[in-house]
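# Fold and contact review
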Amino acid sequence: MTEKEKMFAGKIYDPFTEGMPKERTIAHKLCNAYNKTDETQAKKREKILKKLLPNRGNGVYLQGPVFFDFGTNITMGENSYANFNFTVLDEGKVTIGANVFIGPNVSLLTPIHPLCWQDRNVFFNEKTGNVTNLERAGAITIGDNCWLGGNVTVCGGVTIGEGCVIGAGSVVTRDIPPNSLAAGVPCKVIREISENDRLSAHPEYFAD
């Protein structure tokens, strides 16, 4: 397997080979360019996103600033939205469904570093002649029609089912089943979202 194949397969890989450092640098430069634009510069933003986030549906909107490691490993469905400071370390594949709301300061983090420092620290790889480290990556999947509140962190290897709401400040370390209201550190299911949560069931929310 190539190092990239290992990366996508969730195996230990060397992140400083096969052009990956250059790809990350390109993505970081594109993020920086995007972050210097504002919402009135739609054409300029679209030109940047064609390179930074090519796998996106119609109507995707990123408020910015954004911080991606590759961008090309992210798929984002139509009409999905991310608020300020959207951070995605997309060493593993990141799949975001359609109509997903992402609050400010949300992080999707696919890298998984070893727990033991003896395995985690950087070292000199004699085969490549580079200083590197060993890590693996876990894919992240977020289903359609989800809402991730502000300051949510999703860790590598997690799937959030469609229709979920993840409470602000949660750290999601395990899969969340569809149509769940979940929150906490670590994030846990509170209950299933039901018809009683529809606005039509709560006329008190509406002004006369």
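What you see is a predicted model, and the numbers here were worked out from it, not measured in a lab.

## Re the pattern of salt bridges
Per the counting criterion, the structure on display carries 5 salt bridges. Among the salt bridges present, the one from R191 reaches D197, with a minimum N-O distance of 2.9 Å. The exposure class assigned to R191 is partly exposed, which follows from its relative accessible area of 38%. Exposure remark for D197: the relative accessible area of 32% places this residue in the partly exposed category. Note that E195 and R198 form a salt bridge whose closest N and O atoms lie 3.9 Å from each other. Residue classification places E195 among the exposed residues on the basis of a relative accessible area of 59%. Classification of R198 by relative accessible area gives partly exposed; the value is 47%.

## Here we look at the side chain of S180
Counting through the fold element by element, S180 comes out in strand β19 (residues 180–183). A distance of 2.8 Å separates a polar atom in the side chain of S180 from the backbone oxygen of P177. Dropping the residues within four chain positions of it, S180 is found in contact with G163, C164, V165, V189, R191 and I193.

## A few points about the nonpolar core
Ranked by size, the top nonpolar core spans 37 residues in total, and within it L62, F68, F86, I96, L108, I160 and I166 carry the most contacts. Within the residue set of this core, elements represented by two or more residues are α2 (20–35), α3 (42–52), β2 (66–68), β3 (74–76), β5 (86–89), β6 (94–96) and β13 (140–142). Here the element with the most residues in this core is α2; it accounts for 4 residues. Beyond its immediate chain neighbours, meaning those up to four positions away, F68 contacts A27, H28, C31, L52, L53, L62, I74, F86, V88 and D90. With 5 residues, the next largest nonpolar core counts Y13, M20, F70 and A137 among its residues.

## Observations regarding the packing of aromatic side chains
In this structure the tally under the stated criterion is 2 aromatic pairs. Relative to Y81, the ring of Y61 lies with its centre 6.0 Å away and its plane at 5°, an arrangement referred to as stacked. Note that Y61 is positioned in strand β1 (residues 61–62) and Y81 in strand β4 (residues 81–82), a separation of 20 residues in sequence. A residue is classified by how much of its surface remains accessible, and Y61, at 30% relative accessible area, is partly exposed. Residue class for Y81 comes out partly exposed when judged on its relative accessible area of 26%. For the ring pair F68 and F86, a centre distance of 5.8 Å and an interplane angle of 90° mean the geometry is edge-to-face. Residue F68 is located in strand β2, and its partner F86 is located in strand β5; the two are separated by 18 residues in the primary sequence. Each member of the pair, F68 together with F86, is buried. Stacked on the ring of F16, the Lys or Arg R24 has its end atom at 5.1 Å from the ring centre. If you follow K93 out to its NZ or CZ, it ends over the ring of F8, 4.3 Å from the centre.

## Some words on the pairing of strand β20 (residues 188–192)
Within a regular strand, the side chains alternate between the two sheet faces. Judged by how many residues are buried, β20 sits mostly at the surface: 0 of 5 residues are covered. Note: β19 against β20, 4 bridges, orientation antiparallel. Considered in β20, the bridge of A183 is made with K188. Where β19 folds back onto β20 in an antiparallel hairpin, the turn is made up of 4 residues, including G184, whose phi is positive at roughly 115°.

Rules used throughout
Residues numbered from 1 in each chain as written. Predicted model: local features only at pLDDT ≥ 70, side-chain atom pairs only at ≥ 80, totals over all residues. Heavy atoms only, no water. Salt bridge = Lys/Arg side-chain N within 4 Å of Asp/Glu carboxyl O. Buried < 20%, exposed > 50% of the residue type's maximum accessible area, 1.4 Å probe, protein only. Helix = DSSP H or I, 4+ residues; strand = E, 2+ residues; numbered from the N terminus. Polar contact = N/O pair within 3.5 Å; in protein donor to acceptor, adjacent residues only side chain to side chain. Contact = heavy atoms within 4.5 Å. Core = buried A, V, L, I, M, F, W, Y, C linked by side-chain atoms within 4.5 Å. Phe/Tyr/Trp six-rings, centres within 6.5 Å; stacked < 30°, edge-to-face > 60°. Lys NZ or Arg CZ within 6 Å of the ring centre and 35° of its normal. Pairing = 2+ DSSP bridges.

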